[in-house]
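Given next are the chains, with one letter for each unit.
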Amino acid sequence: MHGVRPHQNDPPPRGSTGSRRSRWTRAALAALSGLIAGFCALGVAELIAAAVRPEAGPVTAVGGAVIDRTPPALKDFAVRNFGTADKLVLQLGILTLLALFALAVGVLALRHRRTGSAAVLVFGAVGAVAAAGRPEGGPGDALPSVVGAVVAAGVLYLLVGRLAPVPGRSPAAGDPDKGARGTFDRRGFVIAATAAAAASAGAGLVGRRLTASVQAGAAASRREVVLPVPDSAAPAVPRGADLGIRGVSSFITPNKSFYRVDTALVVPQIDAGGWRLRIHGRGVSRPLTVGFHDLLEREIVERDITLACVSNEVGGPYIGNARWIGVRLADLLREAGVKPPSQGGPADQIVARSVDGMTIGTPVEDVMDGRDALLALGMNGEPLPFAHGFPVRMLVPGLYGYVSACKWIQDIELTTFDDYDAYWVKRSWSRRAPVKTQSRIDTPRPFASPGPGTVPVAGVAWAQHRGIARVEVRVDGGAWHTARLGAQDGLDTWRQWVWEWPATSGHHTLEVRATDRTGVTQTGERAGTVPDGATGWHSVVVDVP
Ligand SMILES: Nc1nc2c(c(=O)[nH]1)N[C@H]1C(S)=C(S)[C@@H](COP(=O)(O)O)O[C@H]1N2
Ligand SMILES: [Mo]
């Protein structure tokens, strides 16, 4: 009688490649091959990117492309929840996806060797397109992804080939793969896999080294900068600008705790010696190109300016105050023949471009109306930190950073708001964005248990270039009490404030509002950050025992 099941000694059906156990082993090793191939792609890409530029690496390029396409609400969410770690979270996310894809492609390649390798090439193409499509990217930026993918496709092909059953090779007695028709070349696989992994790691490390040595050059150029003595020094910060209250942000924000907001996954490291800034465009009768040392030769001014981010929620941390030195941008513009619109100039917008392709649009009128709009080269007594724009950045008192404070600036084009929308404007933020009058309670902290007795309620208030006239505090929706203000440093800086609260025990809500020197009181109406800055009163809930 013939059973339905094949006889024990029949050869396994075509396509079957061995016992269940052996099939699992091979699948796992194929997945591992995929992972090694992915690792190889990144290592090789890192090496090539060191020659092109570090930002051209596939993970950075894809990350940058994701950032450029992130809707404002999601970007805000990321900034709010991850803060400055948002970029790390993004890169880890990309690496995780890449690893999962690599595992899957490895398994696919076991069955369909060519298709597996082709899939690696497709992924390489994604990296290449992302890199070449970055605003500051060129066709050469595709190279790291392309070369990485080609090498990885080859490695995958080779490794998976080692997993093919060796024809005619029968399992040795006692081989766990007993029953398999043939076994693969284990030794060969292990050797090839180890060699591929080691070579990838080597390529990656050499790439890192090369990048680091370029960055060391930039760091050396920063160390060599001697900041000039300003021709127009900032007056000393008046005594009493800092009220000296525990828990309130210091009047001058130290560089290391100054907030950082930008789209750069790799902080640009520019050699000051090779840096140039070009000024050109509409109504520029004498286009200019200046180097770092040309700027140092010019009239240098020193000013205290508070910089705020439009993505700062009510009560949020994205604001800081520093003592900057630099040259007046209006001086350079006048030298280039630029006239503001109020004097008949044809351009109403300055578009600043950074080395990383950011574009920031600022009203020409604001820059030339006499305020201290700067090309800054120093921050709190040192050259700009790399993360804050070394060697030169823009700053315009009274405007949010995204419409004024271009870091790593390299180009200024005069144009019109009608003709050109800058980076954030293309992403649904307003063309024009003066800073809104705002205030923040720094102490007590939310859900603190202060007192009982007199509790200092204190914080900062800002309305850059208009100045703060009054700050008021209320408890549980009661009457507004006028706070005592810290001494005024200048119209372009924030002011500290304090109100001595005779706290009674219980659960209380504290609220603050500021009035600027034009007489405008901060509105209590709540609005989100998009499109031109959050509004509302900051409130803090506390429990007095
Ligand atoms: N090149 C470049 N400049 C930039 C940005 C950027 O993403 N890239 N972000 C802007 C924004 S939104 C703000 S709020 C300020 C923040 O400056 P900081 O990081 O020095 O605090 O820089 C501005 N300049
Ligand atoms: Mo910002």
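Enquirer: Please give an account of the overall build of the protein chain that cites residues and values.
Expert: Helices and strands together make up the secondary structure of the protein chain, namely 10 helices and 18 strands. For a compact globule of 545 residues, the expected C-alpha radius of gyration is about 24 Å, and the protein chain comes in at 31 Å, more than 25% above that figure. For the C-alpha atoms alone, the extent of the protein chain along its principal axes is close to 100 × 65 × 40 Å. Counting across all 545 residues of the protein chain, residues that qualify as buried make up 52%. Taking the intrachain contacts of the protein chain between residues at least 6 apart in sequence as the baseline, contacts between residues at least 24 apart amount to 75%. When the accessible area of the protein chain is evaluated, it comes to approximately 24,800 Å², of which 58% is carbon and sulfur surface. Each charge class in the protein chain can be summarised by its mean position, and for the 58 positive and 47 negative side chains these summaries are 11 Å apart.

Enquirer: Go over the nonpolar core, please, and point to the residues and values.
Expert: With 80 residues, the main nonpolar core has Trp-324, Leu-375 and Ile-409 as its most contacted residues. Once residues lying within four places of it in the same chain are set aside, the contact partners of Leu-375 are Leu-277, Ile-325, Gly-326, Val-327, Leu-329, Leu-332, Val-392, Arg-393, Met-394, Ile-409 and Ile-412. Residues Ala-463, Val-471, Ala-514 and Val-544 belong to the second largest nonpolar core, which totals 20 residues.

Enquirer: Could you give an account of the site of ligand 1, with specific residues and numbers?
Expert: Surveying the vicinity of ligand 1 reveals 20 residues, the closest of which are Tyr-259, Asp-262, His-388, Arg-393 and Lys-407. At 2.7 Å, a side-chain N or O of Arg-393 approaches an oxygen atom of ligand 1. Lys-407 has a polar side-chain atom sitting 2.5 Å from an oxygen atom of ligand 1. Its free accessible area being 530 Å², ligand 1 has 99% of it covered by the protein chains.

Enquirer: Quick one: what's the story with unusual backbone geometry, residue by residue and with numbers?
Expert: With the exception of glycine, most residues fall at negative phi, and the peptide bonds are largely trans. Between Thr-443 and Pro-444 the backbone carries a cis peptide bond, its omega angle lying at 0°. Checked against the element boundaries, Pro-444 lands in the loop between strand S11 (438-443) and strand S12 (453-462). Between Val-530 and the following residue, Pro-531, the backbone shows a cis peptide bond with an omega angle of 5°. For His-465, which is not glycine, the phi torsion reads 75° and is therefore positive. Tracing the backbone through its elements, the reader meets His-465 in the loop between S12 and strand S13 (468-475). Even without glycine at this site, Asp-476 takes up a positive phi of about 50°. Take Asp-476: it is sitting in the loop between S13 and strand S14 (481-482).

Enquirer: Quick one: what's the story with the domain arrangement of the protein chain, residue by residue and with numbers?
Expert: As assigned here, the protein chain comprises domain 1 (17-216) and domain 2 (255-427). Relative to domain 2, the C-alpha centre of domain 1 lies at a distance of 40 Å. Across the contact, 21 residues belong to domain 1 and 17 residues belong to domain 2. Taken together, domain 1 and domain 2 are joined by 1 salt bridge.

Enquirer: Describe the side chain of Thr-415, naming the residues involved and giving the relevant values.
Expert: Its place among the elements puts Thr-415 in strand S10 (residues 409-415). Judged by its relative accessible area of 8%, Thr-415 is buried. Sequence-distant contacts of Thr-415, that is, excluding residues within four places in its chain, are made with Arg-282, Ala-347, Asp-348, Gln-349, Val-351 and Tyr-420.

Rules used throughout
Residues numbered from 1 in each chain as written. Chains lettered and ligands numbered in written order. Predicted model: local features only at pLDDT ≥ 70, side-chain atom pairs only at ≥ 80, totals over all residues. Heavy atoms only, no water. Helix = DSSP H or I, 4+ residues; strand = E, 2+ residues; numbered from the N terminus. Rg over C-alpha atoms; globule rule 2.2 N^0.38 Å. Buried < 20%, exposed > 50% of the residue type's maximum accessible area, 1.4 Å probe, protein only. Contact = heavy atoms within 4.5 Å. Areas by Shrake-Rupley, 256 points an atom, 1.4 Å probe, with all protein chains shown as cover. Lys, Arg positive; Asp, Glu negative; His and termini not counted. Charge placed at Lys NZ, Arg CZ, Asp CG, Glu CD. Core = buried A, V, L, I, M, F, W, Y, C linked by side-chain atoms within 4.5 Å. Near = heavy atom within 4 Å. Polar contact = N/O pair within 3.5 Å; in protein donor to acceptor, adjacent residues only side chain to side chain. Domains from an automatic or database assignment. Salt bridge = Lys/Arg side-chain N within 4 Å of Asp/Glu carboxyl O.

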